[in-house]
Amino acid sequence: MKKIVIMVSSLVIVTGVVFALVLLNGNDTNAGNYYRSSIASEGEKDLYQFSKSDAEKLTGEEKEELKTIDESPVIDKDMIRKRAESAAKVSDKSQREWEKTLEEKSIRNQALYLAAKEEGVKVTGKELDDAMKKLKELYDEDAEYKKEVDASRAGYDLTIDEYWEAYREQQRYSMMINKYEEGYYTKMASKEKIEPYTPEYYNKQKKWYEELTDKMIQKFKVRVE
């Protein structure tokens, strides 16, 4: 079950962009029959069910909101609740545990994104294209990754092209955060005279991450309500 929780976590810990769910029509597909059969693994079934349940809970307005990066410091509590409810159905964690996890991670991610945006961190079109190319190559080469993607997109009723198009903005969001974090860690390593990418450097990252996100949460007043 641990791997299922990790995979589901990667889907639900977001603030603004997941998939372009406006493409959903709510109809069951032939893919659904596969994920209800004995051929599909338990992991595939759980990811499919999470995605399907998640999609069914979102209103038309919420689906539209998921198409772009949300730049508000206010995270929708109802959205968190709905995603936690879907995640709890396919993991050993309760809905309340998921809500706590999602609230904390979403707040920290959004604080870092807003800080990156204020500092002028950019992800170029080429950088984004290269990242998406690597993900698509992984999809073609790694059977397990392909199963995870296919189960997720089937639950959301997306073709593979629609999936990649919808995932693109989420990838931009993640890359902006990663760039900002890396810059901060490099600066802190220099300040504390720590050699980058050593065991000491990685051990310090958790402390630096918490200090940075706590500061940015306060600065931008990021919250769930």
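Structure's up top.
Residues numbered from 1 in each chain as written. Predicted model: local features only at pLDDT ≥ 70, side-chain atom pairs only at ≥ 80, totals over all residues. Heavy atoms only, no water.

Asker: Tell me what's going on with the overall build of the protein, and back it up with residues and numbers.
Answerer: A tally of regular secondary structure across the protein gives 10 helices and 2 strands. Counting only contacts in the protein whose residues sit at least 6 apart along the sequence, the fraction spanning at least 24 positions is 76%. For the protein, the computed accessible surface area is about 12,200 Å², with 50% contributed by carbon and sulfur atoms. (Helix = DSSP H or I, 4+ residues; strand = E, 2+ residues; numbered from the N terminus. Contact = heavy atoms within 4.5 Å. Areas by Shrake-Rupley, 256 points an atom, 1.4 Å probe, with all protein chains shown as cover.)

Asker: Report on the packing of aromatic side chains, specifying residues and quantitative values.
Answerer: Going through the model one piece at a time under the given rule, you end up with 10 aromatic pairs. Between the aromatic rings of Tyr113 and Tyr173, the centroid separation amounts to 4.9 Å while the plane-to-plane angle is 25°, which identifies the pairing as stacked. Of this pair, Tyr113 sits in helix 6 (residues 95-119) while Tyr173 sits in helix 9 (residues 160-191), and the two are 60 residues apart along the sequence. Look at Tyr113 and you get buried, because its relative accessible area is 3%. Judged by centre distance (5.3 Å) and plane angle (80°), the rings of Tyr201 and Tyr202 are edge-to-face. Residue classification places Tyr201 among the buried positions, given a relative accessible area of 0%. In this structure an aromatic cluster arises from ring pairing among Tyr184, Tyr185, Tyr197, Tyr201, Tyr202 and Trp208. (Phe/Tyr/Trp six-rings, centres within 6.5 Å; stacked < 30°, edge-to-face > 60°. Buried < 20%, exposed > 50% of the residue type's maximum accessible area, 1.4 Å probe, protein only.)

Asker: How would you explain helix 7 (residues 125-141) if you had to name every residue and give the values?
Answerer: The end-to-end C-alpha distance of helix 7, which contains 17 residues, comes to 24 Å, matching closely the 24 Å that a straight helix rising 1.5 Å per residue would cover. Three or more residues of helix 7 are buried, namely Leu128, Ala131, Met132, Leu135 and Tyr139. For helix 7, the angular spread of the buried residues around the axis is 95°, confining them to a single face. Those residues of helix 7 that are exposed and aimed more than 90 degrees away from the buried face are Lys126, Lys133, Lys134, Asp140 and Glu141. Buried-residue contacts for helix 7 involve helix 8 (143-155) and helix 9. (Expected span 1.5 Å × (residues − 1). Arc of directions from axis to C-beta.)

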